[in-house]
Amino acid sequence: MKKQILFTALVLWLLPGFVLAQASREEVLANKNLAAGIYSVYHYSTADKTPAPKGYSPFYISHYGRHGSRWLTSEHYYSHPLEMLQKAHNNDALSAKGEAVLEKMQKIAVDAEDRYGALSEKGVKEHKGIAGRMFLAYPEVFSTKGSRDCIVYSRSTTVPRCIVSMAAFNERLKEQNPEIQIKYEVFDRNHYLNNRNTAPTANRAALEEKYAAFFYAHFDDQKFLSSLFAKGVDPKQYVEDAFHLIFDLYSVAGDLQDTELGFSMWDIFTDDELFTLYQTSNLRMYYICGPSALNGAAAMNSAKPLLKNILDCADAAIKNENISADLRFGHDVYTIPLLALMDIENMNLMEPDPGKVHQYWCDYKVSPMGVNLQLIFYKSKASDDILVKLLHCEKEISIPVKTDNAPYYHWSDVKAYYEDKLMSTN
């Protein structure tokens, strides 16, 4: 399996699109919201799509999407730095910068109170936008002309932000064609959506040590903390765990773009500090959910039930012309392993050097808020051959399967390739 991934990495390196997988310091600092990694708002491709081969038209869509933009999932992200800053403020121990951070944190905490992990209005808009563009791009899939039934199976994890994302998506579809029949499923029985692996790792503690070590080797935590406190104040009087405090502040700053507060907190970090925080966060997701040599096998194995469901549902839709789409709504910890397992272009690469991972694998490109994988299926009256193309964030992508008409692939070849993946024990 390792040899296969390395070979794929070599092939993808030679592709013109490889640069799209990279994150550069210049790119991140030019748009600091990208430094938020998986908290980045949804961004999609506006490039023109490649026309289907002559005589082929779309008839079915298989989709997996992450929930949209949300508040941070735990009160601790907000309360931890706020309590520390407030305590220092009460003792006149904050610098002017520290007082400014406290003022913003107070507003942010009030906004987030009792909405931890909830989908924001921006997240609703993201999913309505994805659904609307899908409908306009593939109207044949959602057609009910000639008394055709248009059945959409829509499934979500039991987490509210995923359910609301699903509702927003389907609301837009129904606005476009009220005759669409949507069948909802929201229960834990769908283990492929929620396999109870919120972090599919075999050795979580060891991985945490690795990305924390990178942070401490490249980030002057005492210099940053000292900037928050008045001259002569020792930050250690108020800060017990520098790593987690700084990452709470970084997470809050990154998530602001997902809400409607309308201000930024990126200015509390220097450019060097911010890029190091991005690299560390990217490492974290790469090690926990991505295709790293350290944990990639465990992560990708966790996505096999989801891939099997994609194959099974596609076969059912090919046999039943009334099934128009299978929509699935989940989380980044399932999306990232799925993309790696499926050898999606540039999302399955291994890089052993922590300082270079961002050059090969970039979390804000792999899994921003609302990230989605779409498989669009095509058929022709003149042939029994089914074609499929794959979209990531609405961009046409490649997989290492032979084709005579990229980005379109013969479904029989794609299915065989992924069935081999499911049979692999590595």
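With respect to burial, strand β6 (residues 383-392) is a largely interior element, seven of its 10 residues being buried. Where β6 lies against strand β8 (residues 409-410), two bridges are found, and the strand directions are antiparallel. Each residue of the ladder has a partner; that of V388, found in β8, is Y409. Pairing analysis gives three bridges linking β6 to strand β7 (residues 395-397), with the strands arranged antiparallel. Note that in β7 the partner of L391 across the bridge is E396. Adjacent in sequence and paired antiparallel, β6 and β7 are bridged by two residues, among which C393 carries a positive phi angle near 50°.

Right, let's talk about the pattern of salt bridges for a bit. Evaluation of the coordinates by the stated rule reveals 16 salt bridges. Close ionic contact of E185 with R155 constitutes a salt bridge, the shortest N to O distance being 3.2 Å. Remark: R155 occurs in strand β2 (residues 151-156) and E185 occurs in strand β3 (residues 181-186); sequence separation between them is 30 residues. Taken individually, E185 and R155 each receive the classification buried, so the pair is uniform in this respect. The shortest N-O distance in the salt bridge between R204 and E208 comes to 3.3 Å. Note that R204 and E208 are positioned in helix α7 (residues 204-218) at a spacing of four residues, about one turn of the helix. Its relative accessible area of 28% is what places R204 among the partly exposed residues. We classify E208 as partly exposed; its relative accessible area is 33%. In the salt-bridge network here, residues are joined through shared partners; they are R155, E185 and D326.

On to unusual backbone geometry, then. Going from A406 to P407, the amide bond is cis rather than trans, its omega being 5°. Turning to its location among the elements, P407 is positioned in the loop between β7 and β8. In the Ramachandran plot, D92 falls in the positive-phi region, its phi being about 55° despite a non-glycine side chain. Tracing the chain through its elements places D92 in the loop between α3 (76-90) and α4 (96-112). The exposed category is assigned to D92, whose relative accessible area is 67%. The phi dihedral of D114 falls on the positive side, at around 60°, and the residue is not glycine. Along the chain, D114 turns up in the loop between α4 and α5 (121-137).

A rise of 1.5 Å per residue sets the reference length of helix α6 (residues 160-176), with its 17 residues, at 24 Å; its end C-alpha atoms lie 25 Å apart and thus fit the reference within 8%. Taken together, the buried positions of α6 are occupied by R161, C162, S165, M166, A168, F169, N170 and L173. In the core, the buried residues of α6 are packed alongside β1 (56-66), α5, β2, β3 and β4 (323-330).

Running from N to C, α5 and α6 point in directions that differ by 40°, and their axes come no closer than 8 Å. By the criterion of interaxial angle, the relationship of α5 to α6 is oblique. When you trace α5 past α6, the crossing you get is right-handed. Residues V124, H127, K128, I130, A131, G132, M134, F135 and L136 of α5 pack against V164, S165, A168, F169, E171, R172, L173 and Q176 of α6. Residue classes in the contact of α5 with α6 are distributed as 10 nonpolar, four polar and three charged.

Examined against the element boundaries, D221 turns out to sit in helix α8 (residues 221-228). Despite being buried, D221 has no salt bridge partner; K236 is the closest side chain of opposite charge, sitting 7.9 Å away. For D221, the side chain forms a polar contact with the side chain of Q222, separated by 3.1 Å. When sequence neighbours within four positions are dropped, the list of residues in contact with D221 reads F215, Y216, A242 and I246.

Turning next to the confidence of the model for the chain. Here the chain shows a mean pLDDT of 92. Residues at 70 or above account for 93%. Here residues 1-19 scores under 50 on pLDDT; set against residues more than four positions off or in separate chains, the count is 31 contacts.

Quick look at the environment of K389 now. Tracing the backbone shows K389 in strand β6. Residues K389 and A406, 17 residues apart in the sequence, show an inter-C-alpha distance of 8.2 Å. Setting aside anything within four residues of it in sequence, one finds K389 in contact with K49, T50, Y138, Q374, L375, I376, Y378, E396, P407 and Y408. At 3.0 Å, the side chain of K389 forms a polar contact with the side chain of E396.

Criteria and thresholds
- Residues numbered from 1 in each chain as written.
- Predicted model: local features only at pLDDT ≥ 70, side-chain atom pairs only at ≥ 80, totals over all residues.
- Heavy atoms only, no water.
- Buried < 20%, exposed > 50% of the residue type's maximum accessible area, 1.4 Å probe, protein only.
- Helix = DSSP H or I, 4+ residues; strand = E, 2+ residues; numbered from the N terminus.
- Pairing = 2+ DSSP bridges.
- Salt bridge = Lys/Arg side-chain N within 4 Å of Asp/Glu carboxyl O.
- Expected span 1.5 Å × (residues − 1).
- Contact = heavy atoms within 4.5 Å.
- Axes fitted to C-alpha atoms, helices over the stretch in contact; angles between N-to-C directions.
- Parallel < 35°, antiparallel > 145°, perpendicular 65-115°, else oblique.
- Left-handed = near helix turned anticlockwise from the far one by under 90°.
- Nonpolar A, V, L, I, M, F, W, Y, C, P; charged D, E, K, R; others polar.
- Lys, Arg positive; Asp, Glu negative; His and termini not counted.
- Polar contact = N/O pair within 3.5 Å; in protein donor to acceptor, adjacent residues only side chain to side chain.
- pLDDT = per-residue confidence, 0-100.

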